[in-house]
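As a plain string of letters, each chain reads:
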Amino acid sequence: MIFDRKDLSGQQLISFYRSLLWPRMIEEKMLLLLRQGKISKWFSGIGQEAIAVGTTLALKEDEWIMPLHRNLGVFTTRNMPLHKLFMQWQGAKEGYSKGRERSFHFGNREHHICGMISHLGPQLAIADGVALAHKLRKENKVSVAFTGEGGTSEGDFHEALNVAAVWDLPVIFIIENNGYGLSTPVNEQYRCISLVDKAKGYGMEGVMIDGNNILSVYDTIKGVREYCIKNQKPYLVECMTFRMRGHEEASGIKYVPPELFKIWELKDPVRKYEEYIKSIGIANEPMIEQIKNEFKEKIESELAIGFTTDHIFPDTEEELEDLFQSTVHSLQSTVHVVDNSKPTHHSSLITHDLRLIDAISEGLRQSMQKHSNLVLMGQDIAEYGGAFKITEGFIKEFGKERVRNTPLCESAIVGTALGLSIEGFKSMMEMQFADFVSVGFNQIVNNLAKIHYRWGQNADVVIRMPTGGGVGAGPFHSQSNEAWFTKVPGLKVVYPSTPIDAKGLLIAAINDPNPVMYFEHKALYRLINGPVPEDHYEIEIGKARHVREGDEISIITYGAGVHWAEDYAAEHPEISIDILDLRTLAPLDYLSIREAVHRTGRVLILHEDTLVGGIGGEIAAWIAENCFDILDAPVMRCASLDTPIPFSIELERNFMAKARLDETVQKLIFY
Ligand SMILES: Cc1ncc(C[n+]2csc(CCOP(=O)(O)OP(=O)(O)O)c2C)c(N)n1
């Protein structure tokens, strides 16, 4: 191994040695503690430290890193105190995630480290978002994301590199090629000769280096960093290395030919560097011994603090509160909140008549005017104006930087949105059709939804979901998939049915610093119109709207269901029908639900979504548990058939809940 110190001083070389040795010695201690049962799991980075350490040393301290499970060296080189890291690994409240996350699955804003989720791949696009923020602010900064060679097989790797290349983002992608996935060798992972060759395919530069040589890593990343900033381009670095221990400590190493360990033992990054600094006379054995002794003592003293953690006494209120970033400040701001939750409420604001689609567009436009840090992303949303023309004309007013056409890569764009949020931007992503959310699902349910609870980082992201059927568009352009998200703690789900609510809820969703899934029914876009305040205003998230007063049955519904119920009530004046429009599906407005039950004692829950697992089941269960004494009949549900949504208009009509509304109402009345 050849070390080239370039212009590094002796003092710097020693300081690098300390940075490299520190995670190695911590790990050796952790392996002992693991055997003693003091910590539960350990993913070893022994043999790979030069990559994490060299990279972190080459960056500025306020540049974000998206590390993975073998990157202790990132955490230590960013000077995270060992006692606190140790508290984290024990699952203690005093760690970085209040005991909610394991091993390296945590981040910290102070140290500019974004914590991984278990899933391999999603980290990469978050780096795109952070880099986009730097680019938009014209800051001279990069972001860095790590992946193993196994992780490069994930679609997220492809999507993130492609977006970074197409958008010219200053991101450094680092592959740690350590020869094996969990047990899968590289010849069962990919067919190209080397992974760095993929860079060319994405239209970016790349380089393969010796990942065990800290000076190579440092010098390469330093140079690549300057390149990325100067040229505003991404870069791929493949670091060749070897994992000296099992995937995690319990999984063993039987599948690795023993001679490989012998070969790589000779290339150990810490030992080779130690030999080097001794060979050029800037360190000697007593000095090395002294550093090791100092670290040994430091580890013991830090662990002594680390062990003094309190037992966790769960506080349910705190657990629930930490799901979301507080929104108090946004409600206290100058935003006008329109309360139209009762049939008797009238707003004094000046209104104009808009279709649902225009109300959404107006809410979005006014939000863009209000928030200079709001970025819109979606397929064909710029010049073309979006599949439904909601952003038509936006680039003229707000420019292409803030109204961004995206490549076809839903997962990477959700990840990018999260990265933007980390850097203080707000973003709105338009799913071209709600159906396509399935290919961005992981980022939404595992990253956006959980990040605040896990380590306090908010995800200031709104995902607009053109949803629903009735337009003969078949199984993949018509689905109602809101229940996929109402079940995920950490997401807010809104679903307006009227223009006034569509605009106000969209504004509220954008003002809210938390992730909001915003469902908009395609069939209602141009069908429904109504008075909409001209000003910028919010409709409160989590508040249902009492649409119609009645005393025989209560229909609890949302979206297209509201209009089905209203039409039905108009066609059946002989039945006194009460209607509640939920408007928000997560969190549910239980108070209004209870009031609706109370008004009639007979409840029908109506939704376009299919029956099994729809939100109706949840509401019915809640009513049964909490309102049993005021019910005069069992809660009934009217939902769409439990089949995919079919194409032919006749079949679709039969599929829809509306086809069974009269039947269900009659059943309920005559129960
Ligand atoms: C999406 C996903 N699939 C499977 C796994 C299970 N898993 C955890 S680590 C690992 C191997 C990863 O290999 P590589 O990316 O080369 O990184 P290394 O662990 O070798 O550093 C696997 C399969 C996972 N975490 N995420």
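Placed above this text is the structure.
Residues numbered from 1 in each chain as written. Predicted model: local features only at pLDDT ≥ 70, side-chain atom pairs only at ≥ 80, totals over all residues. Heavy atoms only, no water.

1. Structural notes on the side chain of aspartate 501
- Tracing the chain through its elements places aspartate 501 in helix H20 (residues 499-511).
- Ignoring anything within four residues of it in the chain, the contact list for aspartate 501 reads Asn340, Pro496, Leu506, Ile539, Arg545, Asp581 and Arg583. (Helix = DSSP H or I, 4+ residues; strand = E, 2+ residues; numbered from the N terminus. Contact = heavy atoms within 4.5 Å.)

2. A short note on the pattern of salt bridges
- With the rule as written, the count across this model stands at 36 salt bridges.
- Put simply, glutamate 265 and arginine 271 hold a salt bridge, and the shortest N to O gap is 3.0 Å.
- Residue glutamate 265 is classed as partly exposed on the basis of its relative accessible area of 39%.
- With a relative accessible area of 35%, arginine 271 lands in the partly exposed category.
- Between arginine 545 and aspartate 581 there is a salt bridge, and its shortest N-O distance comes to 3.5 Å. With arginine 545 in strand E16 (residues 545-548) and aspartate 581 in strand E18 (residues 577-581), this pair connects stretches of sequence that are 36 residues apart.
- Look at arginine 545 and you get buried, because its relative accessible area is 13%. (Salt bridge = Lys/Arg side-chain N within 4 Å of Asp/Glu carboxyl O. Buried < 20%, exposed > 50% of the residue type's maximum accessible area, 1.4 Å probe, protein only.)

3. Structural notes on the sheet that holds strand E21 (residues 636-640)
- Spatially, E16-E18-E17-E20-E21 is the arrangement adopted by the five strands of the open sheet, whose pairing is mixed. Looking at the sheet topology across the chains shown, the edges are occupied by E16 and E21. Averaged over all adjacent pairs, the angle separating strand axes in this sheet is 25 degrees, with direction ignored.
- Direction of pairing for strand E17 (residues 553-557) relative to E18: parallel, over a ladder of five bridges. Paired with isoleucine 556 across the two strands is leucine 580, which belongs to E18.
- The strands that helix H21 (residues 560-571) touches are E16, E17, E18 and strand E20 (603-610); relative to E18, the one it contacts most, it runs at about 165 degrees.
- Most of the contacts of helix H22 (residues 590-600) go to E18, to which it runs at about 175 degrees, and overall it touches E16, E17, E18 and E20. (Pairing = 2+ DSSP bridges. Axes fitted to C-alpha atoms, helices over the stretch in contact; angles between N-to-C directions.)

4. Quick word on the nonpolar core
- In terms of nonpolar packing, the biggest core is built from 83 residues, with Phe173, Ile444, Phe485, Met517, Ile593 and Ile623 touching the most fellow members.
- Looking at which element gives the most residues to this core, the answer is helix H5 (residues 122-136), with nine residues.
- Setting aside residues up to four positions removed in sequence, isoleucine 623 forms contacts with Ile556, Ile593, Val597, Val603, Phe628, Leu631 and Val635.
- By size, the runner-up hydrophobic cluster in this structure holds 72 residues, among which are Leu20, Trp22, Ile46 and Ile291. (Core = buried A, V, L, I, M, F, W, Y, C linked by side-chain atoms within 4.5 Å.)

5. Concerning the packing of aromatic side chains
- Using the criterion set out here, one finds 28 aromatic pairs in the structure.
- Both rings, one in tyrosine 96 and one in phenylalanine 106, keep their centres 5.1 Å apart while their planes meet at 10 degrees; by these two values the pair is stacked. Here tyrosine 96, found in the loop between helix H4 (82-89) and H5, pairs with phenylalanine 106, found in the loop between H4 and H5; they are ten residues apart in sequence, far enough to count as distant.
- Judged by relative accessible area, tyrosine 96 falls into the buried class, the value being 11%. (Phe/Tyr/Trp six-rings, centres within 6.5 Å; stacked < 30°, edge-to-face > 60°.)

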